[in-house]
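Inside the fold
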Amino acid sequence: MNARSLRVLIGLTAVIVVLAVVFQNNREGKVQPKSDQSKLFPELLGSINDVATVRVKRQGSECTLKRIGDTWGLAEKDSYPADVEPMRKALIAVADMTRVESKTSDTARYAALGVQDPEAEGSTSTLLTLSDASGKELAQLIVGKAHLGKTGTPGHLYVRRVDDPQSWLVKSDLQVPENCSDWLVKKILEVKRDRIRVVEVAHPEGEIVRVERPTPDSNDFTLANMPAGRELKYATVASAMSSTLEWLNLEDVARIDTIDFATAPGATSRFWTFDGLVIAVTLKDEGEKTYARFVASYEAPPATDSPAADAAAEGESGEAKSDAEKTLAKKKPEEVQAEVADLNARLAQWAYVIPSYNKTTFAKHMSDLLKDETPPPPLVDDSTLGEQKDAYVIPSDLPPEIQQQIREHQESLGNKTTVGPARKTAETPPEGTPPEDAPAGEKPSDTEPPH
């Protein structure tokens, strides 16, 4: 090998060594790929699992979300569980935030993009602070206005790192809930209508509204204490009460010991299922909010009149079962008792703010379920009777059904009738009206209602 060939070989070897070192460094992450430099927080993606606290600060409000094992809790609500999925999406969105275009670094122009300090007058920005378990800040970001672009396509924001005066238009699908309570797990509990056997609403003044059905395959509920002569507003009005626990979400939450349910409580609703679960819900109004307290218990259910449902409850095999019977088949006494323990462990320490439409269903009155009674005919001034002046006058304070009986009887005798003033007193009844305590044989025959 001559000297020239040796120099070429040494040169090629040097190039190969350099390429090998660069390749190895890239594999070990010692050289940052060029594409990562477009990320607003290029170092965050590798440490995203270290995030233990997220603070969300806006003008006039601040939320602190803390990691608790595999879950998150809202510190301002005594660590009530936060919804993990929105939190996970928010962290990934910050880590994946990509610069699109540099914007202003002039503090006087921050407000136009919504990236001024949250404490500034009229600020609409949101400050996000991500920290690890030791309190070390992993990222601080001011989130400004959304930018839809010429095509109106979402997915772009104006933002600014707290440690950098430069603002940016970034590509990101970051969504930060408006209110602290929006981070919370919304579902309180869920009990399917198929399981419900009885719903009873007890009002503080003593009124009881109770709807029930005998078997899980009976679709319609009946009003147990239906007043004589009254009708339901519509066929399914009683059945609608059985779905109250199916779609039950909170608006806010507070510790149970901060709400006084003992003083002037509202209605208490109880729900009995065919498999023994009992849910009691007590309401309490505080200002414009309605709080609800939930207590679960177990009561051995009565035998039903449906052999198929009883077989399902006992786990017996048989013919194809309805959805309700399948629901029962999944809930044995020991399973329901375990469900009771789980519900109370999760719900007992909290008072839940419920929406107004839920309050309405938890506080049904008989008047909400029944058609209005036929109103009595209007009072007639004697001076305006004209040709009716000699008509038989029916006192207006008599029950409508008695008025109707008197009217029909008088008209059968050829007499005209009208409704006049109420009886003045029990001692001085209107002319033609028998005293309440008169013996039956002494009542004038022309005023006695037909039997």
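Further up the page is the structure itself.
The paragraphs below set out a description of the structure included in this document. (Residues numbered from 1 in each chain as written. Predicted model: local features only at pLDDT ≥ 70, side-chain atom pairs only at ≥ 80, totals over all residues. Heavy atoms only, no water.)

**Structural notes on the pairing of strand E9 (residues 167–171)**
Rule in force here: Burial classes: relative accessible area under 20% of the type maximum marks a residue as buried, over 50% as exposed, and values in between as partly exposed (1.4 Å probe, protein chains only). Helix numbers and strand numbers start at the N terminus; a helix is a DSSP run of H or I with at least 4 residues, a strand a run of E with at least 2. Strands are labelled as partners when DSSP assigns at least two bridges between them.
E9 sits mainly inside the fold: four of its five residues count as buried. Bridge count between strand E5 (residues 98–102) and E9: four bridges; the pairing is antiparallel. Within E9, the position partnered with Thr98 by the bridge is Lys171. The pairing of strand E8 (residues 156–161) with E9 spans five bridges and is classified as antiparallel. Of the residues in E9, the one forming a bridge with His156 is Lys171. The antiparallel pairing of E8 with E9 creates a hairpin that spans five residues between the two strands.

**As for the environment of Ser181**
The condition is simple: Contacts: residue pairs with any heavy atoms within 4.5 Å of one another.
Along the polypeptide, Ser181 turns up in the loop between E9 and strand E10 (187–189). Look at Ser181 and you get buried, because its relative accessible area is 14%. Spatially, the C-alpha atom of Ser181 lies 5.8 Å from that of Asp252, the residues being 71 residues apart in sequence. Setting aside its immediate chain neighbours within four residues, Ser181 contacts Lys186, Glu251 and Asp252.

**Some thoughts on the packing of aromatic side chains**
Selection criterion: Under the pairing criterion, centres of Phe, Tyr and Trp rings, with the six-membered ring standing for Trp, must be within 6.5 Å; the plane angle then separates stacked pairs below 30 degrees from edge-to-face pairs above 60, leaving the rest tilted.
Applying the stated criterion to the full structure yields four aromatic pairs. Ring geometry for Tyr80 against Trp350: centres 4.9 Å apart, planes inclined by 85°, an arrangement best described as edge-to-face. A residue pair is termed long-range when its members are at least 10 positions apart, and Tyr80 in strand E4 (residues 80–82) and Trp350 in strand E19 (residues 350–353) qualify at 270 residues. The exposure classification of Tyr80 matches that of Trp350, with both residues buried. Their ring planes at 85° and their centres at 6.0 Å tell us that Phe271 and Phe362 sit as a pair that is edge-to-face. Placement of Phe271 in strand E16 (residues 268–273) and of Phe362 in helix H7 (residues 356–362) is noted, with a sequence separation of 91 residues between them. Judged by its relative accessible area of 0%, Phe362 is buried.

**Overview of the state of the cysteines**
For the record, the criterion: The rule for a disulfide is simple: a pair of cysteine sulfur atoms within 2.5 Å.
Scanning all chains against the criterion turns up one disulfide. Disulfide partner of Cys63: Cys180, at an S-S distance of 1.7 Å. One quick way to see it: the torsion about the S-S bond of Cys63 and Cys180 is about -95°, and its sign makes the bridge left-handed. Of this pair, Cys63 sits in strand E2 (residues 61–68) while Cys180 is found in the loop between E9 and E10, placing the two residues 117 residues apart along the sequence.

**Examining the pairing of strand E18 (residues 289–298)**
Where strand E17 (residues 277–286) lies against E18, 10 bridges are found, and the strand directions are antiparallel. Pairing of Thr282 across the sheet is with Arg293, part of E18. If you look at the hairpin formed by E17 and E18, you'll find two residues sitting between the two strands, and Gly287 has a positive phi there, around 65°. Direction of pairing for E18 relative to E19: antiparallel, over a ladder of two bridges. When the bridges of E19 are listed, Ala292 appears paired with Tyr352.

Any functional reading would require information that these geometric values do not contain.
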